[in-house]
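# Commentary on secondary and tertiary structure
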Amino acid sequence: MKSKITIIALLAVVAFFVLLYLSFSKVGNEEVKKIAEVQKLRIGFVLLSDTVDNGWNETHYRGIRSACDSLGVQMSLITEIPEERDPLEKAVNDMIADSLKIIVLTSYSYPIIIKDIIESHPDVMFYGINWEFEAPNYKAYFARIYQARYLAGILAGAMTKTNHVGYVAAMKNIQVYRGLNAFILGVQSVNPKAKVYVRWTNSWNEGEVETENANKLIDSSGIDVIAFHQDRAYIIEVAEKRGVYCIGNHVEKNRFSSKMLSSIALDWGIIYKDFIQDYIQKKDNENMDYWLGLEKDAVGLSFYSSEVPDSVKTLVNGAIEKIKAGYNMFSGRIVDSKGKVRSEEGETISDEVLRSDMEWLVKGAVEP
């Protein structure tokens, strides 16, 4: 009888602490919102394009709005700022003159272009998607988009019939190389015979150049699946016209035909809420940077076309579970396109290298 009473008492104590934890969790979230409202916190965001580009900037905006609404933060948005010194300097200086103390730079080269401005305003906290710059008042944030590109590579490698896959890449920078390499490794993981034909546009958003490069890949390389790393949907439109399978970039819903197999997906709301909440609670110094991936459902594929068979979905879903369990596609023996060994069996390429020293392509990439 005594042991039965003891068990009941223990269960009551456990239940009490569970309820207490849930109560404080709820209060904690509300407290964050109250602090932001008391501070009248305003955050500046600089975007490369408009907020309805069916791609990178639109998904950014949705994430920004979601995070700010949930945390009671006012957002100050400046859009259509190219990666050029004069317009970017004016946009940021206008925000500083407007007494904004936290400014978010949402395009890769922004922090490098205005690093002198960042350094000369130590009272303003800057966030940017670039690890190539360091300052006491600057933090990097990003998603492990390369994980989603690996999944897209599996999809492309499984769906190609010609074993020729196309990829239109933007800038020759670490971010683009990292994603492209992950894509190629994904293709090779399910189809070792496949090759990935790569063309560079040297621009994030040049419709004519992207269209030209996509058509050249289709005409000269015999590709039947094409993917890309560009801001807008020009290449999707080319694929639609040419009857080629396509994998989108930051497209949330399939607004095209079943030839669009899927799209890279990124939930910016999760990432923005993560570091804005830390800033509000003055915990931002605890994190050197924010790099979230599949473990927090920050990246993935947004949908499947009706033309993707269940067997291929199973391959992709299996890779998702492996990555969530700790698998890193940048591990084992990896050789670059020039024959240099970048990783041996039993080794893994570190985050430091992924973020600062990946300006090469893995073996299997063809640059026609």
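The notes below deal with the structure included here. (Residues numbered from 1 in each chain as written. Predicted model: local features only at pLDDT ≥ 70, side-chain atom pairs only at ≥ 80, totals over all residues. Heavy atoms only, no water.)

Let us now look at the overall build of the chain. A tally of regular secondary structure across the chain gives 12 helices and 15 strands. Restricting the contact set of the chain to residue pairs at least 6 apart, pairs at least 24 apart contribute 69%. Accessible surface, the chain: about 16,900 Å² in total, of which carbon and sulfur atoms supply 51%. (Helix = DSSP H or I, 4+ residues; strand = E, 2+ residues; numbered from the N terminus. Contact = heavy atoms within 4.5 Å. Areas by Shrake-Rupley, 256 points an atom, 1.4 Å probe, with all protein chains shown as cover.)

Time to look at helix H10 (residues 268–280). The end-to-end C-alpha separation of H10 is 18 Å, in line with the 18 Å expected for 13 residues at 1.5 Å each. Among the residues making up H10, those that are buried are Trp-268, Gly-269, Ile-271, Tyr-272, Phe-275, Ile-276, Asp-278, Tyr-279 and Ile-280. The N-capping residue of H10, defined by a side-chain oxygen 3.0 Å from the backbone nitrogen of Gly-269, is Asp-267. Just downstream of H10, Lys-282 is the residue with a positive phi angle, here 55°. (Expected span 1.5 Å × (residues − 1). Buried < 20%, exposed > 50% of the residue type's maximum accessible area, 1.4 Å probe, protein only. Polar contact = N/O pair within 3.5 Å; in protein donor to acceptor, adjacent residues only side chain to side chain.)

Per the stated rule, a full pass over the model turns up 17 salt bridges. In this structure, Lys-324 and Asp-297 form a salt bridge, with 3.0 Å as the shortest nitrogen-oxygen distance. A residue pair is termed long-range when its members are at least 10 positions apart, and Lys-324 in helix H11 (residues 310–324) and Asp-297 in the loop between strand E11 (289–292) and strand E12 (299–301) qualify at 27 residues. Relative accessible area serves as the criterion here: at 39%, Lys-324 is assigned to the partly exposed category. Owing to a relative accessible area of 48%, Asp-297 belongs among the partly exposed residues under this scheme. Two residues, Lys-313 and Asp-310, come together in a salt bridge whose shortest N-O distance is 3.8 Å. Residue Lys-313 and its partner Asp-310 are both found in helix H11; the two are separated by 3 residues, about one turn of the helix. Taking the relative accessible area as the measure of exposure, Lys-313 reaches 24% and is therefore partly exposed. Connected through shared salt-bridge partners, Glu-58, Arg-62, Glu-252 and Arg-255 make up one network. (Salt bridge = Lys/Arg side-chain N within 4 Å of Asp/Glu carboxyl O.)

In this section: the nonpolar core. As a rule of thumb, soluble globular proteins bury nonpolar side chains together. Within the largest apolar cluster, 107 residues are counted, with the highest numbers of intra-cluster contacts made by Val-92, Tyr-141, Tyr-272, Ile-276 and Phe-330. Not counting chain neighbours up to four residues away, the residues in contact with Phe-330 comprise Tyr-146, Arg-178, Asn-181, Ala-182, Leu-185, Thr-348, Ile-349, Leu-354 and Met-358. Membership of the second largest hydrophobic core comes to 18 residues, among which are Val-168, Tyr-197, Ala-239 and Cys-246. (Core = buried A, V, L, I, M, F, W, Y, C linked by side-chain atoms within 4.5 Å.)

For the rest of this paragraph, the subject is the sheet that holds strand E8 (residues 225–229). Strand pairing in a sheet is mediated by backbone hydrogen bonds. Such pairs are either parallel or antiparallel. Spatial strand order, E12-E10-E9-E8-E6-E7-E15: 7 strands in an open sheet with mixed pairing. With one partner strand each, in any of the chains shown, E12 and strand E15 (365–366) form the two edges of the open sheet. Across 4 bridges, strand E9 (residues 245–249) lies against strand E10 (residues 260–266) in parallel orientation. Note that in E10 the partner of Asn-249 across the bridge is Ile-264. (Pairing = 2+ DSSP bridges.)

Along its 16 residues, helix H2 (residues 56–71) runs 23 Å from first to last C-alpha, staying within 8% of the 22 Å computed at 1.5 Å per residue. Taken residue by residue, H2 has Trp-56, Asn-57, Glu-58, Thr-59, His-60, Tyr-61, Gly-63, Ile-64, Ala-67, Cys-68 and Leu-71 as its buried positions. The first or second residue beyond H2 is Gly-72, which carries a positive phi of 70°.

Side chains Ile-102 and Val-104 project from strand E3 (residues 102–105) onto one buried face, and the interleaved Ile-103 and Leu-105 project onto a second face that is buried too. For strand E1 (residues 42–46) and E3, the ladder comprises 3 bridges, and the chain directions are parallel. Paired with Val-46 across the strands is Leu-105, a residue of E3. Taken together, the 4 bridges between E3 and strand E4 (residues 125–128) define a ladder with parallel strand orientation.

Another point: the side chain of Thr-59. Following the sequence through the fold, Thr-59 ends up in helix H2. Residue classification places Thr-59 among the buried residues on the basis of a relative accessible area of 5%. Ignoring any residue separated from it by four or fewer positions in sequence, one finds Thr-59 in contact with His-250, Glu-252 and Trp-268.

What follows deals with the packing of aromatic side chains. One pass over the structure, following the stated rule, counts 17 aromatic pairs. Ring centres of Tyr-141 and Tyr-272 lie 5.4 Å apart, and the angle between their planes is 50°; on these two criteria the pair is classed as tilted. Residue Tyr-141 is located in strand E5 (residues 138–143), and its partner Tyr-272 is located in helix H10; the two are separated by 131 residues in the primary sequence. In this structure, Tyr-141 and Tyr-272 share a single accessibility class: buried. An aromatic cluster is defined as three or more aromatic residues linked by ring pairs; in this entry it consists of Phe-45, Tyr-127, Trp-131, Tyr-141, Phe-142, Tyr-146, Trp-268, Tyr-272, Phe-275, Tyr-290, Trp-291 and Phe-330. Cation over ring: Arg-144 sits above Trp-291, and NZ or CZ is 4.1 Å from the ring centre. One cation-aromatic arrangement involves Lys-259 over Tyr-245; the distance from NZ or CZ to the ring centre is 4.4 Å. (Phe/Tyr/Trp six-rings, centres within 6.5 Å; stacked < 30°, edge-to-face > 60°. Lys NZ or Arg CZ within 6 Å of the ring centre and 35° of its normal.)

Attention now moves to the packing of helix H6 (residues 145–159) against helix H7 (residues 174–190). Two quantities define a packed helix pair, namely the angle between the helix axes and the distance between the axes. Where H6 meets H7, the axes come as close as 6 Å, and the angle between the chain directions of the two elements is 35°. As for the relative orientation of H6 and H7, their crossing is right-handed in sense. Taking contact as the criterion, the partners of Tyr-146, Arg-149, Tyr-150, Ala-152, Gly-153, Ile-154, Ala-156, Gly-157 and Ala-158 in H6 are, on H7, Arg-178, Gly-179, Leu-180, Ala-182, Phe-183, Leu-185, Gly-186, Val-187, Ser-189 and Val-190. Split by residue class, the contact of H6 with H7 holds 12 nonpolar, 5 polar and 2 charged. (Axes fitted to C-alpha atoms, helices over the stretch in contact; angles between N-to-C directions. Left-handed = near helix turned anticlockwise from the far one by under 90°. Nonpolar A, V, L, I, M, F, W, Y, C, P; charged D, E, K, R; others polar.)

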